[in-house]
Structure formats: structure tokens, C-alpha cells
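The primary structure of each chain is shown beneath.
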Amino acid sequence: MPQDVPGEASAAVSHEPAGPAPLGVVRTPTGDAGVDAHLDRLADADHLPADGHIEVYEDVHRGLRDALTALDARPAPAPVPAPMPSYDHRS
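Now for a quick tour of the structure. What you are looking at is a predicted structure, and each value in this text was computed from that prediction instead of being measured. (Residues numbered from 1 in each chain as written. Predicted model: local features only at pLDDT ≥ 70, side-chain atom pairs only at ≥ 80, totals over all residues. Heavy atoms only, no water.)

1. Looking at the overall build of the protein
The helix and strand tally for the protein stands at two helices and zero strands. In the protein, buried positions account for 11% of the 91 residues. The long-range fraction of contacts in the protein, counting pairs at least 24 apart against all pairs at least 6 apart in sequence, stands at 35%. Surface exposure of the protein reaches about 8500 Å², of which carbon and sulfur atoms provide 60%. (Helix = DSSP H or I, 4+ residues; strand = E, 2+ residues; numbered from the N terminus. Buried < 20%, exposed > 50% of the residue type's maximum accessible area, 1.4 Å probe, protein only. Contact = heavy atoms within 4.5 Å. Areas by Shrake-Rupley, 256 points an atom, 1.4 Å probe, with all protein chains shown as cover.)

Spelled out as C-alpha cells, the structure:
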């Protein structure tokens, strides 16, 4: 007669992988619409199996990297006003 092992449940254990489930991670808005849109994209991974997460993470990473790179870009030089014509007041 088999003996029960302490700590083991007597109910049948399923060996099927669990389906996708949201992690419930709260994302706090940054105030930057572009950055917030990329962070909101992370919620797409909540409905995908684990092997689909990499595409979402890479997309978000690319967008956030581009946003940071844009901060380092030098602003376009301001247009230089046309010089004022000089008048010869000699008569």
C-alpha cells in the first residue's frame, strides 16, 4: 500500500501550462505622453503566452530608447534674422 508523502496534495495535479494572466503591475504615468504610451504597451504582454512577451518588450525598449535619444539631440538652430539694411545718411 503506497504511503502518503507529507506536504503532497492528494488531488490530481495538472501538468498543463497555465494560460496568460495579468501580472497586475501598476504603471504610474510619467507625464510624457510618448513615454506613457510605450509603458501602456506593456499591458499587451498580459494577454500573451510567455514566448510572445519578447516582441512587446523589444518594441517598448526601442520606443523608450528613441525617446531618450531625442532628449540628447541638439535643438535646431534658431533662424538668423536678415540683417537690417544700412543707410548712408551723408548728403
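2. A closer look at the environment of Ala50
Here Ala50 lies in helix H2 (residues 50–72). Considered as a pair, Ala50 and Gly19 are 31 residues apart in the sequence and their alpha carbons are 9.3 Å apart.

3. Let's talk about the side chain of His53
Mapped onto the secondary structure, His53 falls in helix H2. In terms of polar contacts, His53 uses its side chain to reach the backbone carbonyl oxygen of Ala45, at 2.9 Å. In this view, His53 contacts Ala45 and Leu48; residues no more than four positions away in its chain are not counted. (Polar contact = N/O pair within 3.5 Å; in protein donor to acceptor, adjacent residues only side chain to side chain.)

4. Observations concerning H2
For an α-helix the count is 3.6 residues per turn, leaving residues at separations of three or four pointing the same way. A rise of 1.5 Å per residue sets the reference length of H2, with its 23 residues, at 33 Å; its end C-alpha atoms lie 34 Å apart and thus fit the reference within 8%. Along H2, the residues classified as buried are Gly52, His53, Val56, Val60 and Gly63. Summarising the contacts, the buried residues of H2 are in contact with helix H1 (33–41). (Expected span 1.5 Å × (residues − 1).)

5. Looking at the pattern of salt bridges
For the coordinates displayed, the defined rule picks out three salt bridges. Of the charged contacts in the structure, one is a salt bridge between Asp59 and Arg41, with a shortest N-O distance of 2.6 Å. On the criterion of sequence distance, the pair formed by Asp59 in helix H2 and Arg41 in helix H1 is long-range, its members being 18 residues apart. Owing to a relative accessible area of 27%, Asp59 belongs among the partly exposed residues under this scheme. With a closest N to O distance of 3.4 Å, Asp59 and Arg62 form a salt bridge. Linking Asp59 with Arg62, this pair stays in helix H2, spanning three residues, or about one helical turn. A relative accessible area of 39% means that Arg62 is categorised as partly exposed. (Salt bridge = Lys/Arg side-chain N within 4 Å of Asp/Glu carboxyl O.)

6. Concerning the side chain of Asp46
Tracing the chain through its elements places Asp46 in the loop between H1 and H2. We note that Asp46 is buried and unpaired, the nearest opposite charge coming from Arg27 at a distance of 5.0 Å. What Asp46 contacts, discounting residues up to four positions off in sequence, is Pro20, Ala21, Pro22 and Leu23. (Lys, Arg positive; Asp, Glu negative; His and termini not counted.)

7. Examining H1
What H1 keeps buried is the set Val35, Asp36 and Leu39. Each buried residue of H1 sits inside an arc of 100° when the element is viewed along its axis, so together they form one side. Tucked inside the fold, the buried residues of H1 contact H2. Backbone nitrogen of Gly34 and a side-chain oxygen of the N-cap are separated by 3.0 Å at the start of H1; the cap is Asp32. (Arc of directions from axis to C-beta.)

Geometric descriptors of this kind do not, in isolation, establish any biological role.
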